[in-house]
Amino acid sequence: MYDVIIIGAGVTGCAVARELARRERSVAVLERGLDVCEGTSKANSGIVHAGHDAHPGTWKARFNVEGSLLMEELSKELDFPYRRNTSLVIGFDEEDRRTLEGLLAQGLENGVKGLELWDGSRVREKEPQLSDAVTCALYCPTGGIVDPFLLTVALAENACVGGVSFFFGEEVTELCRAGEGFVLKTARGGSYETRAVVNAAGVYADVFHNMVSEDKVHITPRKGEYLLMDKKTTGFVNATIFQCPTKMGKGILVTPTVHGNLLLGPTSEDIADKENTETTAAGLEEVLAKAGLSAKELPVRQVITSFTGLRAHSDNGDFIVGEAADCPGFFDAAGIESPGLTSAPAIGRYLAERINERFPAPEKTDFIAVRKGIPCMADADPEERKRLVAENPLYANVVCRCELVTEGEIVEAIRRPVGAKTLDGIKRRVRAGMGRCQAGFCTPKQMEILARELGVEEEAIVKSGPGARLLTGYTKSNIS
Amino acid sequence: MTADREVKIAIIGGGPAGLAAAVSAAESGVSPEDILIIERDHVPGGILNQCIHNGFGLHTFREELTGPEYAGRFVDMAKERGIPFLLDTMAVDISRGETAGAAGKELKYLSVMNREDGFFTIGASAVVLAMGCRERPRGALNIPGFRPAGIYTAGTAQRFVNIEGRMPGREAVILGSGDIGLIMARRMTLEGAKVRAVVELMPYSGGLKRNIVQCLDDFGIPLKLSHTVVDIRGRERVEAVTIAEVGPDRRPIPGTEETFACDTLLLSCGLIPENELSHGLGVELSGVTGGPVVNESLETNIPGVFACGNVLHVHDLVDYVSEEAGTAGRCSAAYVMNPAESRGGRTVSVRCRYGVRYTVPASIRTEYMAERQIIRFRVGAVYRDACVAVDFDGKAFRRQKKRILAPGEMEQVVLGKSDMEAAGVSEITIRIEEEPQGTRQGV
């Protein structure tokens, strides 16, 4: 019997797990994927929103502003890349200017600091690549960017060190009340009992909520396609560039990533299939066309990959956070779409407090709130490189040349608590295969290291899910 | 900055280009211990080590060798001459220094690392860039669809099959008809996989004619020209690939889609010279080749920094790599052995015009050129019964009739020093001249 089971090891589930780990209780996370950060958390803009977008009084407004304030401190505590690069919401005409004035007022009401309305020339002075058609912009100095993978991994590692158990490949198929608590059954035949459930299941959060509550909710997967560009584009823009929001979201943005790539997207399309993460020719063209309105001379030849994320959009447009009214002990973190990444730390705190009200537990005296990241060769200066290599010769063996990732970093990514078990898991932790050749060069080497560290055959190594095998056997094994 | 170790010529890359440059530098009089080959793999030979098919060396050795055999010949030559290697070693950065080294030349500092020696700095009077190239990945091609396992560049698949003895899939579609794609179509077939089709965006193949015959035709593998991949199905592993015909604008024509059930998509869609180190050093790069802009000595805009092989421009035959690298080795030797080399003298620019995409070199200093100067280039389309025209200062100098010119094959013209001096030329133009009855395909 667990005290709390969290369904879903995305950024929200991991943030809740980490906050729950602060007190004396048994907590487990059930994740259908083989790793953390396998759903919406892995495919988004990586933005820490300032907080002017959400309507005052909504959960989104509250958690966005709180999360944005927490992020810097958290990035130091858990050692993940975060940068306050500022953001600009740009406008092209008088109607846009009125929209921006509305956003400014809304931002002030939400408690966002430092917002200013700029004219076109001032905007272009800061960001020379922006279109000459830009006439005004909302300047948001608290806007930032974060590595969404490492934020999630850092939360999970810290939760795990704090005693939270993670179970992967465990897809919850049944959830029902059992006395005061709940029983969860999984596709592989697992059965888990718990006093409380946290529903952090992303686009599937409605399914679990509706299993136990009569107050039905509905989550629509809202598809967003992105293009990622080579690090050669570093400095193309420094701030995150938004266009004026519409009812479908914040529009196509042009933003640097914390690692110096340029990211364009997302599109916004409501779909029915919760698994439809395919990119389309039309979607990618739309991204380029609309991003081309914001910035001139987009480096379109520098695209290194494209991807699709699914936002978990609830029918009322707000987050659904808290204990279900008709199901005590069942806590939702549902409908977590943008600004969900920003909000995760605040949602984690809020839900941990609500759970503690219902199931009080004493604070741990030995909780370690600090986590160190994996030392990164690419970011190290020559002295630091010398030291890293001297301490661990595996740091001298470069596996991914595009991102300068060494065997030392990959081995640590695998051996850490909640360590990498897949190629994608390594990629998200240490960026091997994230660069311009997109793992063409390092795939065989990474597989060799993974197989060695996990003690399995190379045939068993997968890219992401259990069916994503990379090899099909030995040569000539097909010939009878 | 101080160097932990100093050499006269540092060669970055121990593949065919680096090996031939090292051998040539030693033969040109540089003491072998003043040369150093830096190679990131545990053995020299580069990508040739996974090219186990034959057909290498017809020009260089007048016999048909496999890739490893061809590399082995040059490895032996380097070892016989006592040229040192640093294996399992990665060069992560090159920068220019202010101080002069033993050869009296400005030193370049290479930051390198390996497991035995750690992270350290090598000072070198001359640097030969021989890092080779990489393959263009799926993302750069903007192919829509899912992102499952089973999508590999042809070179990655080649490594799995030829080095690791493992199969990357059972049924494959190959996009791109460059030479590696064609070679892998045959290899996959021989190893027990089914290759459904080789799909090529252009109306002609980017590979050598002999490879189309020997790798596709001989195995009944269809070559779909003017087609591309428009969708990839499969959430975890590739389940199907949809192709479509493209119009003259290279955009898919709706209604021409054809879906192949398969578990693998191999990509052979172009090679990109790997010039991250060169870029960091400040080497001027060509927007056409992606490689350094060089003069007759294959020297870049930075004195004492030379380039050869696929890092300079992508070659079709390794024999030409060896020949070119020989020039880079010889010229780097001349650079370090001649303390008073002047950088002045007459410079002839080499321009490319109609049909010619680029030339290597892009300029010739007549004072330093050899008796015979090879100018290599590629054309941008298929030309039949056309002429390669060489003009000296706008006046026709030579016309060479060619039955066929294709983008997949490297072309060359050879100019004599005496001809150039006699003409007092200041600009050479190379262009394609189509015969009235000639036909041209593509753009």
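Everything numeric here is computed off the predicted structure, so don't read it as measured data.

Trainee: Looking at this model, I keep getting lost on the overall build of chain A. Mind explaining?
Mentor: Across its full length, chain A carries 12 helices and 23 strands. Relative to its length of 480 residues, chain A is compact, with a C-alpha radius of gyration of 22 Å against a globular reference of 23 Å. Each of the three principal axes of chain A carries a C-alpha extent, and together these read 60 × 60 × 50 Å. A burial count over chain A gives 63% of its 480 residues as buried. A sequence separation of at least 24 residues applies to 71% of the contacts in chain A between residues at least 6 apart. As displayed, chain A offers around 18,000 Å² of accessible surface, 51% of which is attributable to carbon and sulfur atoms. Charge centroids of chain A, computed over 56 positive and 68 negative side chains, lie 3 Å from each other.

Trainee: Honestly, the environment of Gly-118 of chain B in this entry has me stumped. Any pointers?
Mentor: If you trace the backbone, Gly-118 of chain B turns up in strand β8 (residues 118-129). By relative accessible area, which is 12% here, Gly-118 of chain B ends up buried. Taking C-alpha positions, Gly-118 of chain B is 9.5 Å from Thr-89 of chain B, a pair spaced 29 residues apart along the chain. Filtering out sequence-adjacent residues up to four positions away, Gly-118 of chain B remains in contact with Val-389 of chain A together with Val-112 and Met-113 of chain B.

Trainee: It is not clear to me how the nonpolar core should be interpreted in this structure. Could you clarify?
Mentor: Buried together is how nonpolar side chains tend to be arranged in soluble globular proteins. Among the nonpolar cores identified, the biggest contains 70 residues, and Ile-12, Leu-110, Ile-122 and Leu-129 of chain B are the most heavily contacted of them. The greatest single-element share of this core, amounting to nine residues, is contributed by helix α7 (residues 318-337) of chain B.

Trainee: Whenever I open this one, the sheet that holds strand β15 (residues 227-233) of chain B confuses me. Can you help?
Mentor: The pairing of strands in a sheet happens through backbone hydrogen bonds and is either parallel or antiparallel. All names here are of chain B. Taken together, the three strands give an open sheet; going across it, the order is β15-β16-β17, and neighbouring strands pair in antiparallel fashion. Each end of this open sheet is capped by a strand with a single partner; those strands are β15 and β17 (258-261). For this sheet the average axis-to-axis angle between neighbouring strands, irrespective of direction, equals 30 degrees. Relative to strand β16 (residues 240-245), β15 runs antiparallel, the two sharing six bridges.

Trainee: It is not clear to me how the pairing of strand β26 (residues 395-405) of chain B should be interpreted in this structure. Could you clarify?
Mentor: Residues and elements named next belong to chain B. Note: strand β25 (residues 382-392) against β26, nine bridges, orientation antiparallel. Residue pairing for β26: Arg-384 is matched across the bridge by Ile-404. Connecting the antiparallel pair β25 and β26 is a turn made up of two residues, with Asp-393 showing a positive phi of about 50 degrees.

Trainee: Just to check I follow, could you spell out helix α9 (residues 382-391) of chain A for this structure?
Mentor: Counting along an α-helix, one turn takes 3.6 residues, and residues three or four places apart therefore face a common direction. What α9 of chain A keeps buried is the set Arg-385, Leu-388 and Val-389 of chain A. End-on view of α9 of chain A: buried residues confined to an arc of 95 degrees, all on one side of the axis. Exposed and oriented more than 90 degrees from the buried face of α9 of chain A are Glu-383, Ala-390 and Glu-391 of chain A. Looking at the buried residues of α9 of chain A, the elements they touch are β6 (90-100), β7 (106-114) and β8 of chain B.

Trainee: Help me out: how do you make sense of the interface of chain A and chain B in this one?
Mentor: When the parts of a complex come together, some accessible area is lost, and that lost area is often used as the size of the interface. Taken residue by residue, the interface counts 58 residues in chain A and 46 residues in chain B. Roughly 4,500 Å² of surface becomes buried between chain A and chain B when both sides are summed, with 52% attributable to carbon and sulfur atoms. The largest share of the area that chain A buries against chain B comes from Arg-401, Thr-472 and Thr-475 of chain A, three residues that together contribute 14% of it. In this assembly, chain A and chain B are joined by nine salt bridges. When the shortest N-O distance is used, the salt bridge between Glu-459 of chain A and Arg-166 of chain B registers 2.6 Å.

Trainee: When you look at the confidence of the model for chain B in this model, what are you seeing that I'm missing?
Mentor: Regions with low pLDDT carry predicted coordinates that are not meant to be interpreted in detail. On average, residues of chain B score 94 in pLDDT, and 96% of them reach the 70 mark or higher. Overall fold confidence for the complex sits at a pTM of 0.95, while the interface term, ipTM, reaches 0.94.

The rules behind the values
For every chain, the first residue of the written sequence is number 1, and numbering continues from 1 along that sequence. Whichever chain is written first becomes A and whichever ligand is written first becomes 1, with later ones labelled in order. Per-residue local features are limited, in this predicted model, to residues with pLDDT of at least 70; the limit for side-chain atom pairs, both in listing and counting, is 80 or more; totals at the level of whole chains, interfaces and linings are taken over all residues. Computation of side-chain values covers all heavy atoms of the structure but excludes hydrogens and water. Every helix listed is a DSSP run of H or I at least four residues long, and every strand listed is a run of E at least two residues long, numbered separately from the N terminus. For this measure, only C-alpha atoms enter the radius of gyration; the expected value for a globule follows 2.2 Å times N^0.38, where N is the number of residues. When accessible area is computed with a 1.4 Å probe and restricted to protein chains, residues below 20% of their type maximum are described as buried, those above 50% as exposed, and intermediate ones as partly exposed. Here, two residues are considered to be in contact whenever any of their heavy atoms come within 4.5 Å of each other. Accessible surface area values rest on a Shrake-Rupley calculation with a 1.4 Å probe, where residue burial reflects the displayed protein chains alone. Positive charge is attributed to Lys and Arg, negative charge to Asp and Glu, and no charge count is given to His or to the chain ends. Throughout, a charge is located at the NZ atom of Lys, the CZ atom of Arg, the CG atom of Asp or the CD atom of Glu. Among buried residues, those of type Ala, Val, Leu, Ile, Met, Phe, Trp, Tyr and Cys that are joined through side-chain atoms within 4.5 Å constitute a nonpolar core. Strand pairing is assigned whenever DSSP detects at least two bridges linking the two strands. Axis definition: a line fitted to C-alpha atoms, limited for helices to the stretch in contact. Angles are taken between N-to-C directions and run from 0 to 180 degrees. By arc we mean the arc of the directions from the helix axis to the C-beta atoms, nothing more. Summed over both partners, the accessible surface that disappears when two parts come together, traced with a 1.4 Å probe, is what is meant by buried area. The salt bridge criterion pairs a side-chain nitrogen of Lys or Arg with a carboxyl oxygen of Asp or Glu, the two atoms within 4 Å. In predicted models, pLDDT denotes the confidence assigned by the predictor to each residue on a 0 to 100 scale.

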